[in-house]
Number of protein chains: 2
Amino acid sequence: LLKSLGSKEAMIALDVMGGDHAPQAIVHGALLAAQQSIPITLFGPYDLITSLLEKLDAGWQRYPLHIAHADQVVHMDDDPVSAVKTKPGSSLVKAVSSVKQGICQAVVSAGSSGALMVASTLILGRQEGVGRAAIAGFLPTKKGKVLALDLGANTEVRPEHLYQFAHLGAAHVAAVSGIKRPRVALLANGHEDNKGSVLVKQAHLLLKESTLNFIGNAEPKHVLDHEMDVIVCDGFTGNVLLKTCEAATDMFSAWLAQGITKYSEKMSAENAQQMQKTARFLQASIDARLDYKQVGGALLLGVNGTVIVCHGSSDAQTMQYAITFAWRTITQGAIIQREIIETVQLS
Amino acid sequence: LLKSLGSKEAMIALDVMGGDHAPQAIVHGALLAAQQSIPITLFGPYDLITSLLEKLDAGWQRYPLHIAHADQVVHMDDDPVSAVKTKPGSSLVKAVSSVKQGICQAVVSAGSSGALMVASTLILGRQEGVGRAAIAGFLPTKKGKVLALDLGANTEVRPEHLYQFAHLGAAHVAAVSGIKRPRVALLANGHEDNKGSVLVKQAHLLLKESTLNFIGNAEPKHVLDHEMDVIVCDGFTGNVLLKTCEAATDMFSAWLAQGITKYSEKMSAENAQQMQKTARFLQASIDARLDYKQVGGALLLGVNGTVIVCHGSSDAQTMQYAITFAWRTITQGAIIQREIIETVQLS
């Protein structure tokens, strides 16, 4: 079932002009990824890109980097729909179009996520049976990763959209992980069947009747205990879930650092040095498990193509991770995403 | 403005039969709190309570513990409204009624939170101008605590309810903290004014026109960075926010422990011992800041009286904390809650 792309056939489309630190950080991230043999086409102003590459590495031409000139820019505060329609020459629109044309197999952008979603929906098209595309990302848990969706594409959804997200998520996890029947749960304010908002209660009934391996409602602790493979929610709640995980672990790291400083003060210089060494080890071992940054981006599921949505604040390393994530996705099974069409048949 | 109750005038009403570990853990928690001179009336079967107290401490009569017989029990799976109406002799209903009668000044229960809310609303009544009571709790942040509401009382709300929650939260923080104009924010999927669900966007407009110190929308990171004093959301989202904070910090603690074990393995026995000591210090310093357990309960705001809602899974220590929290609330300013009536005047 899994059909992989060889590296010779595949190419990543990168929107150089999207993101708070664009174009500098985006081009730098591309160079880092290309140094690991990932073929990338950079969409943006030709002269700007070449001059940035020259500055970063005079030998950049050794790496699989291609440039596709694009002179328009979609700005963060542009209206997504009109930006996509009135800026066909923008780096974002051209990068998405390259996937439609089969020139590239995945697009990565840290630009306006609204515009990226609109462009992906309009240009690539939604998969059959899918009413809304959703942003999906892997959350680190105690025992591995859980795919969570929607993380923010749709603040208002209907029960059937949650039902579709469940199918999209399960199909993606099945494709990239080899788990045949991923466990799917619905995020709620209690694990009991009767818990949840009206939306969740109605989606629960739809999912109960579905062919999916639906395990019911779940609270955040069940998610982080990895009791399911896919957790489904509306984009507003998913955004709060993701960002609370990030903020809470950030707070915990800050407390850990403060605790270590306080503890070190009581020690001899030698012991304090040892303590700092321990602390660095602990922090690194924890950071290694928190792969919000190491993944670098989230997937837009439900469109005909692989689209990676990066955070606007992405730096060069985050972009490298996002490009690597896109590459793994297309070479290790995301082609299967297209077969979701058959899976997502609404009742 | 702040009027405090002396300890001689005040009494806590405790629902002995509510909670997963009732009555044992509840009675034990009461004893621990009473040993710290907090006067408590225990509502439940007289003989059962006395026999539990005898077993725990034969000298329990030295402490300010009173028993009010109640032979009916509200169960977790009872329908809240019918349970409150058909079980007037239950420990939960009698405990709430004692606050209405002025015998007790606050009620604490780990029983069905739905039934506790219904009983509080029906018996104590909602404050004027308040359409829904909300559960409010203090979240630990990098720099102190933020009052978050609603944490789960209302999964479906209208914009005016969020507006009222903002007023209730601000008035409570002003009363217990001395902050004159608490900063109030609305939880959203982005800090920009145009972010949020339809509900959040409409509530944003109401709050912008209010007399409150409204600072706009906030993401979870802004909450944990303590950029406001009160964070407002619907009960579904608030429940996800609270439980994700708890679950993420629990996960982080588990990782910290695993990291320490792994690091210790590389060390000499002596160094490993030192490391374990360090680890215990770090964990304790972090736990001290995570006061989910140390507070023990959340406040039901919007009713005429102090009501503390505890988690069903509360153990004896959690109940002790909840009783202490109730005590502090009534002796340090929650009386002021009644004055919210004047503050919450809807436009």
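Residues numbered from 1 in each chain as written. Chains lettered and ligands numbered in written order. Predicted model: local features only at pLDDT ≥ 70, side-chain atom pairs only at ≥ 80, totals over all residues. Heavy atoms only, no water.

Residues and elements named next belong to chain B. Among the five residues of strand S11 (residues 306-310), five are classified as buried, and the element is accordingly described as predominantly covered. Of the two faces of S11, both are covered, the one formed by Thr306, Ile308 and Cys310 as well as the one formed by Val307 and Val309. Bridge count for strand S4 (residues 106-109) against S11 is four bridges, and the pairing is parallel. Paired with Val107 across the bridge in S11 is Val307. (Buried < 20%, exposed > 50% of the residue type's maximum accessible area, 1.4 Å probe, protein only. Helix = DSSP H or I, 4+ residues; strand = E, 2+ residues; numbered from the N terminus. Pairing = 2+ DSSP bridges.)

Here the focus is the interface of chain B and chain A. At the interface, 51 residues of chain B touch 51 residues of chain A. Here chain B packs against chain A, burying approximately 4700 Å² in sum over the two surfaces, 74% of which is carbon and sulfur. For the chain B face of the interface with chain A, the top three residues by lost area are Phe236, Phe252 and Trp255 of chain B, together amounting to 16%. Here chain B and chain A share four salt bridges between them. Of the charged contacts, one joins Asp250 of chain B and Lys142 of chain A as a salt bridge, the two residues approaching to 2.8 Å between their closest N and O atoms. (Contact = heavy atoms within 4.5 Å. Buried area = accessible area lost by both parts, 1.4 Å probe. Salt bridge = Lys/Arg side-chain N within 4 Å of Asp/Glu carboxyl O.)

Below, the discussion takes up the sheet that holds strand S5 (residues 134-140) of chain B. Picture the strands of a sheet paired through backbone hydrogen bonds; they go either parallel or antiparallel. Residue and element names in this part refer to chain B. Read across the open sheet, the eleven strands follow the order S3-S2-S1-S4-S11-S10-S5-S6-S9-S7-S8; overall the sheet is mixed. The strands lining the two open edges of the sheet, one partner per strand, are strand S3 (65-69) and strand S8 (213-218). Across this sheet, the average inter-strand angle for adjacent strands is 30°, counted without regard to direction. In this structure, strand S2 (residues 40-44) lies alongside S3, joined through five bridges in parallel fashion. Paired with Ile40 across the two strands is Leu65, which belongs to S3. Contacts from helix H5 (residues 113-124) reach S4, S5, strand S10 (297-301) and S11, with the element oriented near 170° to S11. Across the face of the sheet, helix H7 (residues 198-208) comes into contact with strand S7 (183-187) and S8 while running at roughly 160° to S8. (Axes fitted to C-alpha atoms, helices over the stretch in contact; angles between N-to-C directions.)

We now examine the environment of Val108 of chain A. Residue and element names in this part refer to chain A. Turning to its location among the elements, Val108 is positioned in strand S4 (residues 106-109). Exposure remark for Val108: the relative accessible area of 0% places this residue in the buried category. For Val108, the contacting residues outside a window of four places in its chain are Ile12, Ala13, Leu14, Asp15, Ile308, Cys310, Met319, Ala322, Ile323 and Ala326.

A separate point is the confidence of the model for chain A. Residues at a pLDDT of 70 or more form 92% of chain A, whose mean pLDDT is 89. Per the prediction output, this complex has pTM 0.89; the corresponding ipTM is 0.88. (pLDDT = per-residue confidence, 0-100.)

This brings us to the pattern of salt bridges. For side chains bearing opposite charge, pairing can occur when the charged atoms are close. Enumeration over the complete set of coordinates arrives at 18 salt bridges over all chains. One salt bridge in this structure joins Arg62 of chain A and Asp57 of chain A, with 3.7 Å as the shortest N-O distance. A residue is classified by how much of its surface remains accessible, and Arg62 of chain A, at 61% relative accessible area, is exposed. Note on Asp57 of chain A: relative accessible area 16%, which makes it buried. Note that Glu219 of chain B and Lys243 of chain A form a salt bridge whose closest N and O atoms lie 3.2 Å from each other. Of this pair, Glu219 of chain B sits in the loop between S8 and helix H8 (220-224) while Lys243 of chain A sits in helix H9 (residues 235-264), on two different chains. Classification of Glu219 of chain B by relative accessible area gives buried; the value is 12%. Accessibility expressed as a relative area gives 14% for Lys243 of chain A, which makes it buried. Residues joined in a network through salt bridges with shared partners are Lys142 and Asp225 of chain A together with Asp250 of chain B.

On to the packing of aromatic side chains. For the structure on display, the rule yields one aromatic pair over all chains. An angle of 35° between the planes, with centres 3.8 Å apart, marks the rings of Phe252 of chain A and Phe252 of chain B as tilted. With Phe252 of chain A in helix H9 and Phe252 of chain B in helix H9 (residues 235-264), the pair connects residues from two separate chains. (Phe/Tyr/Trp six-rings, centres within 6.5 Å; stacked < 30°, edge-to-face > 60°.)

Moving on to the sheet that holds S4 of chain A. All names here are of chain A. Spatially, S3-S2-S1-S4-S11-S10-S5-S6-S9-S7-S8 is the arrangement adopted by the eleven strands of the open sheet, whose pairing is mixed. Two strands bound the open sheet, and with one partner strand each, they are strand S3 (65-69) and strand S8 (213-218). When strand polarity is set aside, the average angle formed by the axes of neighbouring strands in this sheet is 30°. The pairing of strand S5 (residues 134-140) with strand S10 (residues 297-301) spans three bridges and is antiparallel. Of the residues in S10, the one forming a bridge with Ala134 is Leu301.

Moving on to helix H4 (residues 91-100) of chain A. All names here are of chain A. H4 sits mainly inside the fold: eight of its ten residues count as buried. Buried within H4 we find Ser91, Leu92, Val93, Ala95, Val96, Ser97, Ser98 and Val99. Buried residues in H4 make contact with strand S1 (12-15), strand S2 (40-44), helix H3 (80-86), S4 and helix H5 (113-124). Downstream of H4 by a residue or two, Gly102 has a phi angle that is positive, lying close to 80°.

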